[in-house]
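A structural walkthrough
Below are the chains, spelled out letter by letter.
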Amino acid sequence: MTEDPELARLIAAHPPRPDALLPILHAIQDALGYLPPQATAPIARHLNLGRAEVHGVISFYHHFRTTPPGRHVLHLCRAEACRAMGGADLEARARAALGIDFHETTTDGAVSLEPAYCLGACAASPAIRLGDEIIGRVDAARLDALLAEIRQERAAGETA
Amino acid sequence: MSIRIYVPQDSTALALGAEAVASAIASEAAARNERIEIIRNGSRGLFWLEPLVEVETANGRVAYGPVSAADVPGLFAAGFQHGGSHPLALGLTEDIPFLKQQQRLTFARVGITDPLSLADYEAHGGLAGLRAAQAMRPEEIVATVTHSGLRGRGGAAFPAGIKWRTVREAASPEKYVVCNADEGDSGTFSDRMLLEGDPYCLIEGMLIAGRAVGASRGYIYIRSEYPQAWKIFNAALEHARAAGLLGAAGGFDIEARLGAGAYICGEETALLESIEGKRGQVRAKPPLPAIAGLFGQPTLINNVMTLASVPIILAKGADYYRDFGMGRSHGTLPFQLAGNIRHAGLFETAFGLSLGELLKDIGGGTASGRPIRAVQVGGPLGAYVTPDDFDLPLDYEAFAARNAMLGHGGLVVFDDTADMARMARFAMEFCAAESCGKCTPCRIGSTRGVEVIDRIIAGEAREKNAALLADLCSTMADGSLCAMGGMTPYPVMSAVRKFPSDFGLGG
């Protein structure tokens, strides 16, 4: 067995019961940023599940990703309360500025763009989420500034 | 004595800059050598005024807002730490009309107390309901909840007492209490505010429920889009265990589970599947979860608002709660004013106020200052209503009679620039993205629905496609396994009926 010791440790921290599956997936994604394909088999073994069952769960939930995310994950809320305050325009602006669609990462690995269906900030719409930070009442200028900030950081990273 | 200053740590307050305000206050106070204590409370729910900073004075708490970090030196210079006047001063918090007009039962403590202080919780009436319940037999607790008229606040409005009795009477050595905190409806945030602002209230409600139905184990399922609620609620669970309220000593424990971005997990049986570690697919009913729910055992599953309303019912009696409201809608509902509305926030009031009063008198009309064109009530599966419906009383039955629903109490306001054909298309698109895939009308119907609406918008055989859309919607409504596919037709068809010109249809 040439198992990744980090993965093995994250999995073994949970009881070997089927209902530990979501907590295990969260623990791995929190630690690594995504669920690598080689995680499926040891999870299945630990929980006495089929690999297909584990894969089925991973692919069902929008939160779980199987590819490494960009340095920043930007969620844009697409739901009604945000659309009532210009969320759809903001979405178009972000896609155009980044040159990517939802579920994609910019080629330089700076930003992954994801849709969200409600961040619970409906009284401060439109809202976005950058990592674990939720930002409310985002207008075009605020979005541009935020994206510029991320880009600047990227440029700084490249010169370093 | 140091001065107490309150800066909310509610997600939306943070989304509007509360963290920077708290740091600015701390550093400015240090620089000025002022002794202050910053308390991170929940939000009062007046989001157009967030970050709302409060200062405790001899006359009561005085509010300032919306405060930005840049305002802080000026606030200190104006003596805000002693309640001094300043352009951002709002007077005594309790006298702000939006707050003063409310009837806060479930939200009695939110924004007032330190969410993680059990002492503060008890000092503001917390645990009185649990103590009353401990002096009662389980059947009496169920009878009290039944008599209060409390109905499921998640949206379906099923009488809570009947559900509780069913679980109580189910014979099994193992039963569960599950709290549904998968608040996915756009335009709703009351569960989140309570989880962040008064978590012990929910814990108390779950403890009472456990005693009533004979369960020793509870689960709460919180959505992953709520990282702050997750953090605060888990901290509250730890404090409650340390205090002996939960755990072996309390005879009841609660395990928190984090969702993973699936709207459908707000449907109770999909939520149970998800806790069990499976894909969040809806189960066929019967059996009801009350008979065979989590891990096949009798399970009481209620929304956050339902369970958080229980402590006050036990503390003040069923009649106290029952006397609020109208008709068969007893008690209060924390309404959530969202989208394009001037006074966006949480307004808890007894059922019975009219929709127009809530949106115009309380909500202040649109944020854009333009006329209200449509309001989606009850989440993404709720119908669009128009100013013609403003006479409707906020009452479950009155809304149902007009093919609409109150649901979880969210109201999303749109002004006259809204394109309702686009919103109808979005309802179908959302259903396609979030369908669990178990039943065909929802899984396939939603995708076909997007295509048909696209053809109508593009002007292809409009009347024929409109008839097809109506037919598709009735198939979804009648043939879907749960409310996801079954109710997506509400926003779609209400938009078609009320705004035909947006679809290029005659009418």
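Cut-offs applied
Residues numbered from 1 in each chain as written. Chains lettered and ligands numbered in written order. Predicted model: local features only at pLDDT ≥ 70, side-chain atom pairs only at ≥ 80, totals over all residues. pLDDT = per-residue confidence, 0-100. Axes fitted to C-alpha atoms, helices over the stretch in contact; angles between N-to-C directions. Helix = DSSP H or I, 4+ residues; strand = E, 2+ residues; numbered from the N terminus. Parallel < 35°, antiparallel > 145°, perpendicular 65-115°, else oblique. Left-handed = near helix turned anticlockwise from the far one by under 90°. Contact = placed C-beta atoms within 7 Å. Pairing = 2+ DSSP bridges. Domains from an automatic or database assignment. Nonpolar A, V, L, I, M, F, W, Y, C, P; charged D, E, K, R; others polar. Core = buried A, V, L, I, M, F, W, Y, C linked by C-beta atoms within 7 Å. Buried ≥ 20, exposed ≤ 12 C-beta atoms within 10 Å, placed from the backbone.

**Describing the confidence of the model for chain B**
Interpretation of this model should avoid reading the predicted coordinates in detail wherever pLDDT is low. When pLDDT is averaged across chain B, the result is 97; 100% of the residues are at 70 or more. Model confidence for the complex: the whole-complex pTM is 0.97, and ipTM, which rates the interface, is 0.96.

**Let's talk about the packing of helix H17 (residues 420–434) of chain B against helix H18 (residues 440–458) of chain B**
Residue and element names in this part refer to chain B. Two numbers describe how H17 lies on H18: the axes approach to 8 Å, and their chain directions differ by 155°. Between H17 and H18, the angle is such that the two are roughly antiparallel. In terms of crossing hand, the pair formed by H17 and H18 is left-handed. Across the interface between the two elements, Ala 421, Ala 424, Arg 425, Met 428, Glu 429, Cys 431 and Ala 432 of H17 pack against Cys 442, Ser 446, Thr 447, Gly 449, Val 450, Ile 453, Asp 454 and Ile 457 of H18.

**Structural notes on the sheet that holds strand S5 (residues 89–92) of chain B**
Residue and element names in this part refer to chain B. As summarised here, the arrangement of the 5 strands in space is S2-S1-S3-S4-S5, forming an open sheet in which the pairing is mixed. The open sheet has two edge strands, strand S2 (36–39) and S5, and neither has a second partner. The average undirected angle you get between the axes of adjacent strands in this sheet is 25°. Across 2 bridges, the pairing between strand S1 (residues 3–6) and strand S3 (residues 53–57) is antiparallel. In the strand pairing of S3, Ile 5 is matched with Val 55. The sheet strands contacting helix H2 (residues 18–31) are S1, S2 and S3, and the helix crosses S2 at an angle near 170°.

**Some details on the domain arrangement of chain B**
All names here are of chain B. According to the domain assignment, chain B consists of domain 1 (3–100), domain 2 (118–322), domain 3 (325–415) and domain 4 (420–503). One C-alpha centre belongs to domain 2, the other to domain 3; they are set 26 Å apart. Counting residues at the interface gives 18 residues for domain 2 and 18 residues for domain 3. In terms of residue class, the side of domain 2 that touches domain 3 is built from 6 nonpolar, 9 polar and 3 charged.

**Here's the deal with the interface of chain A and chain B**
A common way to express how large an interface is: the accessible area buried when the components associate. Facing 35 residues of chain A, the contacting portion of chain B comprises 47 residues. Put simply, the parts of the chain that give the side of chain A that touches chain B at least two residues each are helix H2 (21–32), helix H4 (51–60), helix H5 (80–83) and strand S5 (133–135) of chain A. Tallied by class, residues from the side of chain A that touches chain B come to 23 nonpolar, 7 polar and 5 charged.

**Structural notes on the domain arrangement of chain A**
One can read the domain layout of chain A as domain 1 (5–60) and domain 2 (72–159). Just the C-alpha atoms count here: the centres of domain 1 of chain A and domain 2 of chain A sit 29 Å apart.

**Digging into the nonpolar core**
Ala 127 of chain A together with Val 178, Leu 202, Ile 222, Leu 300 and Val 375 of chain B are the most contacted members of the largest nonpolar core, which has 211 residues in total. Considering each element in turn, this core owes the most residues, 10 residues, to helix H10 (residues 199–213) of chain B. Not counting the four nearest positions on each side in its chain, Ile 222 of chain B is found in contact with Ala 181, Leu 195, Ala 229, Trp 230, Phe 233, Ala 256, Leu 258 and Gly 259 of chain B.

**Focus: the pairing of S3 of chain B**
All names here are of chain B. In terms of strand pairing, S3 meets strand S4 (residues 60–64) through 5 bridges, oriented antiparallel. Directly across from Val 55, in S4, lies its bridge partner Val 62. As consecutive antiparallel partners, S3 and S4 are separated by 2 residues.

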